[in-house]
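Residues per chain, in single letters:
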Amino acid sequence: MNRFVWLAALLFQGSTAAAFSGAPKSDTVQVGFGAADITPAVGKKPVYIAGFGKNRQATGVHDPLWARAVVLRHENTKIALVAVDLVGLFLQEVEKARAKLPGFTYVLVSSTHNHEGPDTLGLWGPSAFQSGIDPDYMKQVEKGIVDAVQSADKSAQPREARLGVAKDPDLLHDGREPIVKHDDLVALRFLDKGKTAGLVVQWNCHPETLSSKNTLLSADYVDATVKYLKEKYECPVVYLTGTVGGLMTSLHVPVKNDKGELLKDGTFEKTERFGRLVGQLADKAMDAAQPIRLTPIVVRTRPLFLPIDNKGYQLFWKLGVLERQSYVWTGDPDRAEPNKDKDFDAKRMCIRTELGYLKLGELEIAAIPGEIYPELVLGKVPDPAEKNADFPDAPVEPSIYGQLEAKHRMLIGLANDEIGYILSKRQWDEKAPYGYGRKTAPYGEINSLGPETAPLLCNAFRDLVKKK
Ligand SMILES: [Zn+2]
């Protein structure tokens, strides 16, 4: 960018609205940050904590839950990336928030997949037959998303950007063979005359360090990561969750205190320490960061219908525990009609979700609506397949990162939806004998729509990037 244009962009700072509609011709991206507290009230109504067993009722708050947003504007394009400290949100909830945010080209809402916050999907209520969702709380979340985005929009200013990546396989535990970790942490640093004005950090791990017995609401280690970075860089921070299938977790990761003692899972001490370690990995990424151009901004999304073959999900759906519109599967992921007569048994059902692809100048972003396995992202699906898996002859899906050609890339998981695990069809393994010499079925399939999810989703993503 030449100096004159940069000056012109600075002159426009006084009125962000004018800067936006006046659209100064430059490479400079305008960036703003905003946040809203979305902690539920504890004590009035039961708050069911999501992520492990049912009926885990909150007894208090350890640290608040947040909706954190970054808005990026360039010429006539304006997008928001929002992270919420929740287990997941269905597409319908994201669409409600979008409807209140006119003027945006795209609003992405990703859940961190926090396992220590309230139930927002319905699966963790008092019993198997009752949802754990409080509809009033869902309205609070919607308002928090809208407030965070609007305040980020208001504060947008021209910013220089830097991007860095750091790796640490020791900060992740992979609970299922093949052992493939997505251990890239991506940090985007926005600068205002050399001073850090905001950070976006993306890492790939289940926030579940506090485990299944904790009854204090918390954002898990994400709280400690954000606190560490906010204090160090004195700026707002948006933490985004990426690839978490397969299963990328903080549980079982050996973390020691200053005395060299191993800290136990399920403790605040380990959670805080782990969060700080992730923050320090972000430091490393920023030390290695290079200037990056984030314009022009291109966004492509597509609706995607996916068959729901999981018997448990079908049952929860019928019971009304899982509340979302069902569609009749036609064999075509591009189109399906709503299942109006609510006949769940006669036909194969599907859901409507959404895939996203963003190109911000030299950075490409995959927006994936669930928990994708690292193998599918990094192109590491075993070939040949394990012979004892259920579909060893299923073709290897086109990998997510294999489609991306820009200098830098990032994946945002649980983006605009939570459809569960997305695992390669040739690794699907419900029936004995099992792969890798396992005596029992591996964990994952029980929380996936079915074996067709990955082939349909990965092919659709490839077509979306190639603009087919
Ligand atoms: Zn999960």
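Rules used throughout
Residues numbered from 1 in each chain as written. Predicted model: local features only at pLDDT ≥ 70, side-chain atom pairs only at ≥ 80, totals over all residues. Heavy atoms only, no water. Axes fitted to C-alpha atoms, helices over the stretch in contact; angles between N-to-C directions. Helix = DSSP H or I, 4+ residues; strand = E, 2+ residues; numbered from the N terminus. Parallel < 35°, antiparallel > 145°, perpendicular 65-115°, else oblique. Left-handed = near helix turned anticlockwise from the far one by under 90°. Contact = heavy atoms within 4.5 Å. Nonpolar A, V, L, I, M, F, W, Y, C, P; charged D, E, K, R; others polar. Buried < 20%, exposed > 50% of the residue type's maximum accessible area, 1.4 Å probe, protein only. Polar contact = N/O pair within 3.5 Å; in protein donor to acceptor, adjacent residues only side chain to side chain. pLDDT = per-residue confidence, 0-100. Patch = residues over 30% accessible without salt bridge, like charges linked within 9 Å, V, L, I, M, F, W, Y side chains within 5 Å. Areas by Shrake-Rupley, 256 points an atom, 1.4 Å probe, with all protein chains shown as cover. Salt bridge = Lys/Arg side-chain N within 4 Å of Asp/Glu carboxyl O. Expected span 1.5 Å × (residues − 1). Donors = N, O, S within 2.8 Å, 3.2 Å for Na, K, Ca; no water.

Topic: the packing of helix 5 (residues 221-233) against helix 6 (residues 268-287)
Each pair of packed helices can be summarised by the angle the axes make with each other and by the distance between the axes. Direction vectors running N to C along helix 5 and helix 6 enclose 45°, while the axes themselves pass 7 Å from each other. The angle between helix 5 and helix 6 falls in the class oblique. Classified by chirality, the crossing of helix 6 by helix 5 is right-handed. Listed contacts from helix 6 to Y221, A224, T225, Y228, L229, K232 and Y233 of helix 5 are T271, E272, F274, G275, R276, V278, G279, Q280, A282, D283 and M286. Its residues assigned to classes, the contact of helix 5 with helix 6 shows 9 nonpolar, 5 polar and 4 charged.

Looking at the packing of helix 3 (residues 91-99) against helix 4 (residues 135-154)
Following both chains from N to C, one finds helix 3 and helix 4 inclined at 50°, their axes separated by 9 Å at the closest point. In terms of orientation, helix 3 lies oblique with respect to helix 4. Where helix 3 crosses over helix 4, the two elements pack in a sense that is right-handed. Two secondary-structure elements touch here, helix 3 through E93, K96 and A97 and helix 4 through M138, E142, I145 and V146. Here the residues of the contact of helix 3 with helix 4 sort into 4 nonpolar, no polar and 3 charged.

Points about the side chain of S326
Inspection of the secondary structure puts S326 in the loop between helix 7 (311-319) and strand 15 (327-328). For S326, a relative accessible area of 4% puts it in the buried group. With near-sequence residues (within four places) excluded, S326 lies in contact with W317, P338, N339, F344, M349 and C350.

Overview of the side chain of N204
With respect to the element layout, N204 can be found in the loop between strand 9 (195-203) and strand 10 (216-217). From its side chain, N204 meets the backbone nitrogen of T243 in a polar contact 2.9 Å long. Leave out the neighbours within four places in its chain, and N204 touches L172, H182, D184, G242, T243, V244 and M248.

Some points on the confidence of the model for the protein chain
Note: predicted coordinates in regions of low pLDDT should not be interpreted at a detailed level. Residues with a pLDDT of 70 or more make up 94% of the protein chain, whose mean pLDDT is 93. Low pLDDT (under 50) marks residues 1-24, which in the prediction has 28 contacts with non-local residues, meaning those over four places away or in another chain.

Topic: a nonpolar patch on the surface
Residues F129, L315 and L319 make up a contiguous nonpolar surface patch of about 310 Å² in total accessible area. Checked against the element boundaries, L315 lands in helix 7.

Structural notes on helix 6
Under the 1.5 Å per step criterion, the end-to-end length of helix 6 is 29 Å for 20 residues, consistent within 8% with the ideal 28 Å. Looking at helix 6, one finds that the buried residues are K270, T271, R273, F274, G275, V278, G279, L281, A282, D283, A285 and M286.

What to know about the coordination of the zinc ion
Of the protein atoms, only H113 (NE2), H206 (NE2) and E371 (OE) coordinate the zinc ion, at distances of 2.0 to 2.1 Å. If you list the donors of the zinc ion from N- to C-terminus, the spacing comes out as H-x92-H-x164-E. Here H113, found in the loop between strand 5 (106-111) and helix 4, pairs with H206, found in the loop between strand 9 and strand 10; they are 93 residues apart in sequence, far enough to count as distant. Each member of the pair, H113 as well as H206, carries the same accessibility label: buried.

Quick look at helix 5
Its 13 residues give helix 5 an end-to-end C-alpha distance of 18 Å, which sits within 8% of 18 Å, the value for a rise of 1.5 Å per residue. Where helix 5 is concerned, the buried positions are Y221, V222, D223, A224, T225, V226, Y228, L229 and Y233. Buried-residue contacts for helix 5 involve strand 3 (66-74), strand 8 (184-192), strand 9, strand 11 (237-241) and helix 6. E234 sits one or two residues past helix 5 and shows a positive phi near 50°.

With respect to unusual backbone geometry
With omega at 5°, the peptide bond leading from D383 into P384 counts as cis. Here P384 is to be found in the loop between helix 8 (374-378) and strand 20 (408-412). Each neighbour pair has its own omega, and for A432 with P433 the value is -5°, a cis peptide bond. Position of P433 relative to the elements: it lies in the loop between strand 21 (421-422) and helix 9 (453-466). Phi is positive for N55, which is not a glycine, with a value near 55°. Tracing the backbone shows N55 in the loop between strand 1 (29-37) and strand 2 (60-61). The class for N55 is partly exposed, based on a relative accessible area of 37%. Non-glycine residue N416 carries a positive phi angle of around 65°.

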